[in-house]
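Examination of the molecular architecture
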Amino acid sequence: SAVISQKPSRDICQRGTSLTIQCQVDSQVTMMFWYRQQPGQSLTLIATANQGSEATYESGFVIDKFPISRPNLTFSTLTVSNLSPEDSSIYLCSVEEGLVVRNEQFFGPGTRLTVL
Amino acid sequence: DQQVKQNSPSLSVQEGRISILNCDYTNSMFDYFLWYKKYPAEGPTFLISISSIKDKNEDGRFTVFLNKSAKHLSLHIVPSQPGDSAVYFCAASVDSGGGADGLTFGKGTHLIIQP
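What you see is a predicted model; the values in this text were computed from it and never measured.

What follows is about the pattern of salt bridges. Summed over the entire model, instances satisfying the criterion amount to two salt bridges over all chains. Across the pair Asp87(A) and Lys65(A) runs a salt bridge whose closest N-O atoms are separated by 2.7 Å. Of this pair, Asp87(A) sits in the loop between β8 (75-80) and β9 (89-96) while Lys65(A) sits in the loop between β6 (56-57) and β7 (68-72), and the two are 22 residues apart along the sequence. A salt bridge links Asp84(B) to Arg61(B), with the nearest nitrogen and oxygen atoms 2.8 Å apart. Taken together, the residues Asp84(B) in the loop between β8 (72-77) and β9 (86-93) and Arg61(B) in the loop between β6 (56-59) and β7 (62-67) connect sequence positions 23 residues apart.

Printed below as a string of structure tokens:
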């Protein structure tokens, strides 16, 4: 299975600033996903990032707030902009291996963001 | 509106006994279901999955059962071991025909295995 790393593992930020989270995969994958887990809540899909095209955002998430880059098949970044305390969450990236058969998604360790 | 529901926030089971974690869903378009296990400060780890064309899938100590008519699935762990203590997430996806899809998760059940 793919090995996924995220940087930073955690950060404390001031409101109004931005944080960029990096996701690195040890193999090439077509699709990468970004999720958010707010305290006491389930994981919620933010967007799907396909290399070479614009990310696809889920309802309630917009590109201005969560810009995503996907420069190649092993790397992606998620920026959380104009931070507010409500953005305090764990942010996770995941990848799905395989194209023909539905496969499970593999997750990174997550980035714990605290906004003061 | 939660499309995937795990109604038990926590479950305590004695070591060696069977653990049964339940999950209900409301979206009849879901056609693929997964269970993930999560330890603190780690990302979710895939455990087992099942397609909607099946009603059972088994992998070692883990078995997932799917009841489509009831929109219900369950994860059975037998025998339960101390290392099974973790939060378990149920997840589902829709085959949109376009390839990889994001997952819809439940809120999780914290399983505690007591010695």
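There is more to say, and it comes next.
With that out of the way, let us pick up the sheet that holds strand β3 (residues 19-25) of chain A. Residue and element names in this part refer to chain A. Read across the open sheet, the four strands follow the order β1-β3-β8-β7; overall the sheet is antiparallel. Either end of the sheet is taken by a strand with one partner, and the two such strands are β1 (4-7) and β7. Between one strand axis and the next, the sheet turns through 15 degrees on average, direction left out of account. With four bridges connecting them, β1 and β3 associate as antiparallel partners.

Taken together, the contacts link 22 residues of chain B with 17 residues of chain A. Both faces combined, the contact of chain B with chain A buries some 1600 Å², and carbon together with sulfur accounts for 57% of it. On the surface where chain B and chain A come into contact, there are zero salt bridges. Put simply, chain B and chain A have two residue pairs in polar contact (both at pLDDT 80 or more) between them. For the side of chain B that touches chain A, the secondary-structure elements that each account for two or more residues are β4 (32-38) and β9 of chain B.

Let's shift gears to the side chain of Thr48(A). Residues and elements named next belong to chain A. The topology assignment puts Thr48 in strand β5 (residues 43-50). Accessibility expressed as a relative area gives 12% for Thr48, which makes it buried. When residues no more than four places from it in sequence are discounted, the contact partners of Thr48 are Met31, Met32, Phe33, Ala55 and Thr56.

Counted by the stated rule, this structure contains 11 aromatic pairs over all chains. Each ring, one from Tyr25(B) and one from Phe33(B), has its centre 4.7 Å from the other, and the planes form 40 degrees; the classification is tilted. Both residues of the pair, Tyr25(B) and Phe33(B), belong to the buried class. Grouping aromatic residues by their ring pairs yields a cluster made of Tyr35(A), Phe107(A), Tyr36(B), Phe46(B), Phe89(B) and Phe105(B).

Right, let's talk about the sheet that holds strand β1 (residues 4-5) of chain B for a bit. Residues and elements named next belong to chain B. Across the sheet, five strands lie side by side as β1-β3-β8-β7-β6; this open sheet has antiparallel pairing. A strand with exactly one partner marks an edge of an open sheet, and here the two such strands are β1 and β6. Of the pairings in the sheet, the one linking β6 to β7 comprises four bridges and is antiparallel in character. From the neighbouring strand, Asn57 faces β7, where its bridge partner is Val64.

Residues and elements named next belong to chain A. Going through the model one piece at a time under the given rule, you end up with two disulfides over all chains. Two residues, Cys23 and Cys93, share a disulfide whose sulfurs are 1.9 Å apart. Linking Cys23 and Cys93, the disulfide has an S-S dihedral of approximately 70 degrees and is accordingly described as right-handed. One end of the pair, Cys23, is in strand β3; the other, Cys93, is in strand β9, with 70 residues separating them in the sequence. Cys93 carries the same exposure label as Cys23, and that label is buried. Just so you know, Cys13 is unpaired, no disulfide at all, and the nearest cysteine sulfur is the one on Cys93, 17 Å from it. Cys13 gets classed as buried once you look at its relative accessible area, which sits at 7%.

The rules behind each value
- Residues numbered from 1 in each chain as written.
- Chains lettered and ligands numbered in written order.
- Predicted model: local features only at pLDDT ≥ 70, side-chain atom pairs only at ≥ 80, totals over all residues.
- Heavy atoms only, no water.
- Salt bridge = Lys/Arg side-chain N within 4 Å of Asp/Glu carboxyl O.
- Helix = DSSP H or I, 4+ residues; strand = E, 2+ residues; numbered from the N terminus.
- Pairing = 2+ DSSP bridges.
- Axes fitted to C-alpha atoms, helices over the stretch in contact; angles between N-to-C directions.
- Contact = heavy atoms within 4.5 Å.
- Buried area = accessible area lost by both parts, 1.4 Å probe.
- Polar contact = N/O pair within 3.5 Å; in protein donor to acceptor, adjacent residues only side chain to side chain.
- Buried < 20%, exposed > 50% of the residue type's maximum accessible area, 1.4 Å probe, protein only.
- Phe/Tyr/Trp six-rings, centres within 6.5 Å; stacked < 30°, edge-to-face > 60°.
- Disulfide = S-S within 2.5 Å.

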